[in-house]
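Here is how the chains run, residue by residue.
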Amino acid sequence: MEGTTPMPNESSTNQARTLIPLDYVASKMKIVSITDETVDTKTFRLEFCDPQQGEQFEFHAGQFGLYSVFGAGEATFCIASSPTEKGYIECSVKRTGKVTNELHQCNEGDIIGFRGPYGNWFPIEQMQGKNLLFIAGGIGLAPLNSLIRNCLDLREKFEDISILYGARSVADLVYKERLENWEQMNDVQTLYTVDPGGETPEWKGEVGFVPTVLEKMKPKSENTIVVLCGPPIMIKFAMLSLLELGFSPESAYTTLENRMKCGVGKCGRCNVGNQYVCKDGPVFRCSDLKVLPEEF
Amino acid sequence: MSANSTLTESLQRAASELLSDLNVAVVIGYGRDGESPFSHPEFVRKPEDVERLVFDDRCFGNLAVYLSKDAIRRMGKIGIVVKGCDLRAVNVLLREHVVKRENIVLIGVPCTGQGDPLPHKCSVCEQRNPQGCDIVVGDPVEQPQINAEQKYSDAANIDAKSIEERWEFWSGQLSKCIRCYACRNVCPLCYCKRCIIEKTIPQWIETSAHLRGNIAWNVARAFHLTGRCVGCGECERACPMDIPLSAINQKMAQLMDEWFDFHSGLSSDEKAPFTTFSLDDSDTGIL
Amino acid sequence: MRSTKVDEQTLYQATAGWLKSAVDILKGAGVEVIAPVETDPGVVELAAINSSEEIVLGYANVRLPLKRLFFPITEVLLEFENQPDGDIQMESEPLASPKSEVVVLGARPCGVAALEALDKVFHWDYDDVRYSARREQTTLISFACTKPDPQCFCTSVGGSPHGTEQSDVLVYLADDGQALMQVCSDKGARFIEQLKDVVKPAPAGTKSPAPPEVKAKFDPEKIKTWLDENFENDFWTDVSLKCLGCGACSYLCPTCHCFDIVDEANWQSGQRRRNWDCCSHPMFTKHASGHNPRPDQASRCRQRIMHKFKYFPERFEQIACVGCGRCVRACCVGQNLVSILTDIETKANGGNNSDAE
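Residues numbered from 1 in each chain as written. Chains lettered and ligands numbered in written order. Predicted model: local features only at pLDDT ≥ 70, side-chain atom pairs only at ≥ 80, totals over all residues. Heavy atoms only, no water.

**So, the packing of helix α4 (residues 141-153) of chain A against helix α5 (residues 176-184) of chain A**
All names here are of chain A. To be explicit about the condition: To obtain each axis, a line is fitted to C-alpha atoms, and for helices this fit is confined to the stretch in contact; angles are then taken between N-to-C directions over 0 to 180 degrees. What counts as a helix is a DSSP run of H or I of at least four residues, what counts as a strand is a run of E of at least two, and both are numbered from the N terminus. Handedness of a crossing follows from how the near helix is turned relative to the far one, being left-handed for an anticlockwise turn of less than a right angle and right-handed for a clockwise one. Contact between two residues is taken to exist if any of their heavy atoms lie within 4.5 Å; hydrogens are not considered. Gly falls in the polar group here, along with every residue not listed as nonpolar (Ala, Val, Leu, Ile, Met, Phe, Trp, Tyr, Cys, Pro) or charged (Asp, Glu, Lys, Arg).
Running from N to C, α4 and α5 point in directions that differ by 35 degrees, and their axes come no closer than 13 Å. The two elements α4 and α5 meet at a crossing, and its hand is left-handed. Here α4 contributes Leu 141, Asn 145, Ile 148, Arg 149 and Leu 152 to the contact with α5, which in turn contributes Arg 178, Leu 179 and Trp 182. Of the residues contributing to the contact of α4 with α5, the split by class is five nonpolar, one polar and two charged.

**Description of the interface of chain C and chain B**
The cut-off we apply is this: Here a salt bridge means any side-chain nitrogen of Lys or Arg lying within 4 Å of a carboxyl oxygen belonging to Asp or Glu.
Taken together, the contact between chain C and chain B spans 31 residues of the former and 37 residues of the latter. Between chain C and chain B we count four salt bridges in total. A salt bridge links Arg 45 of chain B to Asp 238 of chain C, with the nearest nitrogen and oxygen atoms 3.2 Å apart. At the level of secondary structure, the elements contributing two or more residues to the side of chain C that touches chain B comprise β3 (43-48), α7 (248-252), β12 (259-265) and β13 (269-276) of chain C. With three residues, the single largest contributor to the side of chain C that touches chain B is α7 of chain C. For the side of chain C that touches chain B, a count of residues per class yields 16 nonpolar, six polar and nine charged.

**Quick word on unusual backbone geometry**
The condition is simple: To sort residues, take the accessible area from a 1.4 Å probe on protein chains only and compare it with the maximum for the residue type: under 20% means buried, over 50% means exposed, and anything in between is partly exposed.
Across the junction of Gly 281 of chain A and Pro 282 of chain A, the peptide omega takes the value 10 degrees, indicating a cis bond. Here Pro 282 of chain A lies in the loop between β15 (275-276) and β16 (283-285). Even without being a glycine, Leu 22 of chain B presents a positive backbone phi close to 60 degrees. Despite not being glycine, Tyr 181 of chain B shows a phi value in the positive range, around 65 degrees. When its relative accessible area of 8% is taken as the criterion, Tyr 181 of chain B is described as buried.

**Some points on empty space enclosed by the protein**
Residues and elements named next belong to chain C. The test is simple: Cavity and pocket criteria rest on a 1 Å grid covering protein atoms alone: a 1.4 Å probe that fits but cannot get out defines a cavity, protein on both sides within 12 Å along at least 5 of 7 lines defines an open pocket, and an atom within 4 Å of a point defines a lining residue. Grid points are joined across faces, edges and corners, and a volume is the space filled by probe spheres set on the points.
Within this structure, the stated rule accounts for 12 cavities of 30 Å³ or more. Looking at the largest cavity, its volume works out to about 320 Å³. Taken together, 20 residues line the largest cavity, and the ones lying closest to its centre are Cys 243, Cys 249, Arg 304, Cys 331 and Gln 335. Those elements giving two or more residues to the lining of the largest cavity turn out to be α7, α8 (297-316) and α10 (337-348). Sorting elements by how many residues they give to the lining of the largest cavity places α8 first, with three residues. Partitioned by chemical class, the residues of the lining of the largest cavity number 14 nonpolar, five polar and one charged.

**Here we look at the domain arrangement of chain C**
All names here are of chain C. This is how the line gets drawn: Each domain span listed reflects an automatic or database assignment of domains. Computed with a 1.4 Å rolling probe, the buried area is the accessible surface lost when two parts are put together, summed over both parts. N or O atoms within 3.5 Å of each other form a polar contact, as long as, within protein, one can give a hydrogen and the other can take it, and as long as residues adjacent in sequence are counted only when both atoms are side-chain atoms.
Domain boundaries assigned for chain C yield domain 1 (11-201) and domain 2 (220-348). The gap between the C-alpha centroids of domain 1 and domain 2 is 26 Å. Taken together, the contact between domain 1 and domain 2 spans 38 residues of the former and 41 residues of the latter. Interface of domain 1 and domain 2: buried area, both sides summed, is about 3,600 Å²; carbon and sulfur atoms make up 61% of it. Counting across the interface, domain 1 meets domain 2 through three salt bridges. The closest approach of N and O atoms between Arg 274 and Asp 128, which form a salt bridge, is 2.7 Å. Viewed at the interface, domain 2 and domain 1 are joined by 24 residue pairs in polar contact (both at pLDDT 80 or more). The set of elements that each furnish at least two residues to the side of domain 1 that touches domain 2 consists of β4 (74-82) and α2 (109-122). Here the residues of the side of domain 1 that touches domain 2 sort into 22 nonpolar, five polar and 11 charged.

**Considerations on the domain arrangement of chain A**
Residue and element names in this part refer to chain A. Domains assigned within chain A are domain 1 (27-118) and domain 2 (131-255). Placing the centre of domain 1 and that of domain 2 at their C-alpha centroids yields a distance of 24 Å. Contact with domain 1, which involves 20 residues of that partner, is made by 16 residues of domain 2. Of the roughly 1,200 Å² buried between domain 1 and domain 2, counting both surfaces, carbon and sulfur atoms make up 51%. For the salt bridge of Arg 149 with Glu 85, the shortest nitrogen-to-oxygen distance reads 2.6 Å. Where domain 1 meets domain 2, there are 10 residue pairs in polar contact (both at pLDDT 80 or more). Breaking the side of domain 1 that touches domain 2 down by element, the ones donating at least two residues are β2 (27-38), β3 (41-48) and β6 (89-94).

**As for the environment of Ser 287 of chain A**
All names here are of chain A. Take Ser 287: it is sitting in helix α8 (residues 286-289). Of the residues examined, Ser 287 reaches a relative accessible area of 12% and is grouped as buried. Sequence separation between Ser 287 and Glu 250 is 37 residues, and the spatial gap between their C-alpha atoms is 5.1 Å. Residues contacting Ser 287, with those up to four places away along its chain left out, are Pro 249 and Glu 250.

**A look at the interface of chain A and chain C**
Between chain A and chain C, the contact holds 52 residues from the first and 48 residues from the second. Where chain A abuts chain C, roughly 4,600 Å² becomes buried across the two surfaces, and 53% of that area is made up of carbon and sulfur atoms. The interface formed by chain A and chain C includes nine salt bridges. The partner of Arg 269 of chain A in a salt bridge is Asp 277 of chain C, and the shortest N-O contact between them spans 2.8 Å. Our enumeration of links across chain A and chain C arrives at 38 residue pairs in polar contact (both at pLDDT 80 or more). Counting residues per element, the ones that place at least two in the side of chain A that touches chain C are β1 (20-22), β4 (64-69), β5 (73-78), β7 (111-118) and β15 of chain A.

**A closer look at the packing of aromatic side chains**
Two aromatic rings are characterised by how far apart their centres lie and by the angle between their planes. Worth spelling out the cut-off: Side-chain rings of Phe, Tyr and Trp (the six-membered ring for Trp) are treated as a pair once their centres are within 6.5 Å; stacked means planes under 30 degrees apart, edge-to-face means over 60, and tilted covers the remaining angles. Two conditions define a charge sitting above a ring: the NZ of Lys or the CZ of Arg must be within 6 Å of the ring centre, and it must be within 35 degrees of the ring normal.
One pass over the full model with this rule turns up 32 aromatic pairs over all chains. With 5.0 Å between their ring centres and 85 degrees between their planes, Phe 43 of chain B and Tyr 66 of chain B make a pair best called edge-to-face. Taken together, the positions of Phe 43 of chain B in strand β2 (residues 40-44) and Tyr 66 of chain B in the loop between β3 (53-54) and α2 (70-73) put the pair 23 residues apart, joining distant regions of the chain. Summarising the burial analysis for this pair, Phe 43 of chain B and Tyr 66 of chain B share the class buried. Between Phe 71 of chain C and Phe 122 of chain C, the aromatic rings sit 5.3 Å apart at their centres with planes inclined by 50 degrees, giving tilted as the arrangement. Of this pair, Phe 71 of chain C sits in the loop between β3 and β4 while Phe 122 of chain C sits in helix α2, placing them 51 residues apart in sequence. With respect to class, Phe 71 of chain C is no different from Phe 122 of chain C; both count as buried. Aromatic rings pair up to connect Tyr 24 of chain A together with Phe 70, Phe 71, Phe 122, Tyr 131, Tyr 251, Phe 259 and Trp 276 of chain C into one cluster. Of note, Lys 236 of chain A hangs over the ring of Phe 237 of chain A, and the distance from its end group to the ring centre comes to 5.8 Å. The ring of Trp 124 of chain C carries Lys 279 of chain A above its face, with NZ or CZ at 4.7 Å from the centroid.

Now the structure itself:
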């Protein structure tokens, strides 16, 4: 049912889906744990209230869902856990508006809603046999988190894996425990940084903006796929640095976000030009992004 | 029934002078293309384009609505064609400090009413000759005396119904509302950057087009306009569902008249009841 | 989902009084009948009727578009209630049942043709079951246009006053109460079958009447070539200056389908609803962070036109406009889509027009 588009996004294998009935009914999820990541970000681990739904649930790294607090509404977040982790899903939520505020007031054991998975996903098959470079900024680590965990669970399928992650300050780093785990792994290269002024006396990582640290890192571009996620300005400058280091936009992927309501291309809200972030994204190849109008 | 050619010519000349002297960056007036059944807002930025301006009896819109639009304010000083009702709206915008007097040039046009048949608001107009404008084009027209009974006749007709009939009437009318917010967008005085309907924490007014949501929206809007609405009737004209919105605003205006002897928009330094405090107030509850 | 086309050459002749018989037969069979009714002075809407006496004819078009019968202005998706043990009881609103049949008499060809665009969106990978259920239970009997409005421009976008797209039966009404009917689908054939006492095959050689003339005013393909190259252009600022972003055009548009999903609740229970929404509203694309990809009226006006005449054709090979003219009639500042498009076409042809709308 995909129409012809001027920019075929063959980066993600969107196999022709058969028509799936959709009634916008959320699945009930129980909050099994809440982790305070930063002063305004929490990670929720959710289990399906219906065990059968939980068993049948499958998704790919990069996909998102519509999480809802009954009475407040729905909001879009990526699925932050890996598809290889069974029995639960996670989402990381920054407190910004109505639904996220309500979510932050939920407790363990509360019931919320979930609809998904929607969207396309990272082309993990095409990434096999290659070096992987993950670049994330701030809460942008959340969608990458799913992919990184997925790749690490299948470690032997990939060559070198490097993770460059930065945030405004030490307090703004998310998934601090995971960051430490990744640092301990000897088959993963990690480089963490905070913006100048964001360091604490105990901070042992880098100090500098992500694009600057990237240049210091001098990652090699051959046989390497880059996945970037973070504030638009970080992506812009990181891409410039990557181009200078010999990377091409065809081997770089990122995620876009836009205001969403239905998540399935019907409500007409999330389009950037003729591309719908909920259908043709959220994962986009950086070379395809250049062709899109400045509308995101 | 057709364009008043001398009036149009004077208007074009005035606009041309304003634009040529670099006094204003844009003149907002009315224009008409061949197909349209009525004259519509026209933005003229160059003196050679003033021929697009007309003034006839199909100049329905209240151009004051553009004075709060960023895209237009950014252009610089604004010349604006105003009929009496439009000028009243400009006065409210002035007293609410939405526009600065020195940033606008008021081009007043005497008006004997727009449309055929004449809408109610025109037949009870007391501002046929706009006062206080920088330029007036055209000769003054006759100003008939209007009494309160005529002014508030739409509201009176509804007040004459029993309370059950009134509820049935308004339930029927407001059930039609599709929540397009044309009434709000066309109103010069609905200039809130973030309207109450767009506030989500909390969601003061439900956005769904059920009767309770529609009543809440329309009543809230009427309340927010009480003591401010100038009765230009654009809300009713814009409503695609033919809801008699003017009657609601007319009722509020009648109450402001009876209780406070107040008529919104007659001058830019009037003291509006809800935004003025006086030690002589009969109710000093807030003290 | 789509009605299959049957022998389009099959014309039927209906006797005078067929309309009353049709309503009686359908009501007798427990079918909901929706027909044109005068709801406000001079205003006709499609509404449920009990008797054919309520029907009015001789109107140009109905006020609200046909889409609202399948995609309501507001509809409940699910209801939820807090339980004492902390659980949430959730119930999905029942779908329309195909057994509760609905027959729409008097839809205009443009309103019906619009459903083709809506079908594409509501069946894009995910089948919107509410929309589909209503489509399935409804038979569409269109009345061919005899007096198009001056603002109509269906022929410019591939339509016709006698268009049969998505109709089950197209009816050509005669002044004396008789009618000629063209069957367009299996559902239509079943409708005719139900009326066999008053509707018989037309005599051989009967021809359907010629459509009234609606001159094509622009070439959408030409327009698309300009849209393809001019995302950035001062034209959008000029064209949007007088637009007040009210949304009347979108809400009355037969093909506009943007919607919002909201929860309305108190402490105890609530509903999740789907409501019409409009891309001209400033908050439509505003992120919770405050960032708005379409921060001004120019970008929103551009989106409206691009979506209808470029993006939708690129994704679904169809223009998201049926030329009914409601946007032109509804706009209180005289914005005229046809003028805008003809201006664009002039530009596409290398011509120059003044920087006015």
